[in-house]
Amino acid sequence: MDSEAQSFWLVWRQGSVDARYKHETRRSALIEAKRLAGHNPNEKFFVLQATDAVINAPITHYKLADEIPF
C-alpha cells in the first residue's frame with residue numbers, strides 16, 4: 001500500500017450505489033452535499049470520510065518493453 005495514501009471524503013445519497021468523486025477536503029464534500037441536497041428535495045446526502053484502506057494483492061512486475069523507444 002502507498003505509505004503516502006491520504007484520507008478523502010465522498011458524498012453519498014441514501015439509497016444510492018454511487019459515490020464517484022473523491023474530495024480532498026471535508027469542506028469540499030460538504031459544499032457538494034449541500035448543492036446536491038438543494039437540487040434534490042427530501043433526499044439525504046452523507047459526507048463520508050475514508051479512514052482505512054486494506055489491500056490483499058501481491059505486487060507483480062510486467063515487463064512491457066526492453067528499452068524506451070526514444
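Just above sits the structure.
These numbers were taken from a predicted model, which means no experiment stands behind them. (Residues numbered from 1 in each chain as written. Predicted model: local features only at pLDDT ≥ 70, side-chain atom pairs only at ≥ 80, totals over all residues. Heavy atoms only, no water.)

A.B. asks: Describe in detail the overall build of the chain, supporting the description with residues and values.
C.D. replies: If you tally the helices and strands in the chain, you get one helix and two strands. Overall, the chain shows an N-to-C arrangement of helices and strands of β-α-β. Evaluated residue by residue, the chain yields a buried proportion of 10% over its 70 residues. Carbon and sulfur atoms provide 52% of the accessible area of the chain, an area that totals close to 6,800 Å². (Helix = DSSP H or I, 4+ residues; strand = E, 2+ residues; numbered from the N terminus. Buried < 20%, exposed > 50% of the residue type's maximum accessible area, 1.4 Å probe, protein only. Areas by Shrake-Rupley, 256 points an atom, 1.4 Å probe, with all protein chains shown as cover.)

A.B. asks: Give a detailed account of the packing of aromatic side chains, specifying residues and quantitative values.
C.D. replies: All told, the structure shown has one aromatic pair when counted by the stated rule. Taking NZ or CZ as reference, Lys 22 lies 4.6 Å from the ring centre of Phe 8, over its face. (Phe/Tyr/Trp six-rings, centres within 6.5 Å; stacked < 30°, edge-to-face > 60°. Lys NZ or Arg CZ within 6 Å of the ring centre and 35° of its normal.)

A.B. asks: Can you tell me about the nonpolar core, naming the residues and giving the values?
C.D. replies: In this structure, Trp 9, Val 11, Ala 29, Ala 33 and Phe 45 together form the largest nonpolar core, which totals five residues. Only strand 1 (9–13) and helix 1 (26–39) provide two or more residues apiece to this core. Sequence-distant contacts of Ala 29, defined by excluding residues within four places in its chain, comprise Trp 9, Val 11, His 23 and Val 47. (Core = buried A, V, L, I, M, F, W, Y, C linked by side-chain atoms within 4.5 Å. Contact = heavy atoms within 4.5 Å.)

A.B. asks: How would you sum up unusual backbone geometry? Please name residues and give values.
C.D. replies: In the Ramachandran plot, Asn 42 falls in the positive-phi region, its phi being about 65 degrees despite a non-glycine side chain. Structurally, the position occupied by Asn 42 is in the loop between helix 1 and strand 2 (45–49). Asn 42 sits in the exposed class, given a relative accessible area of 83%.

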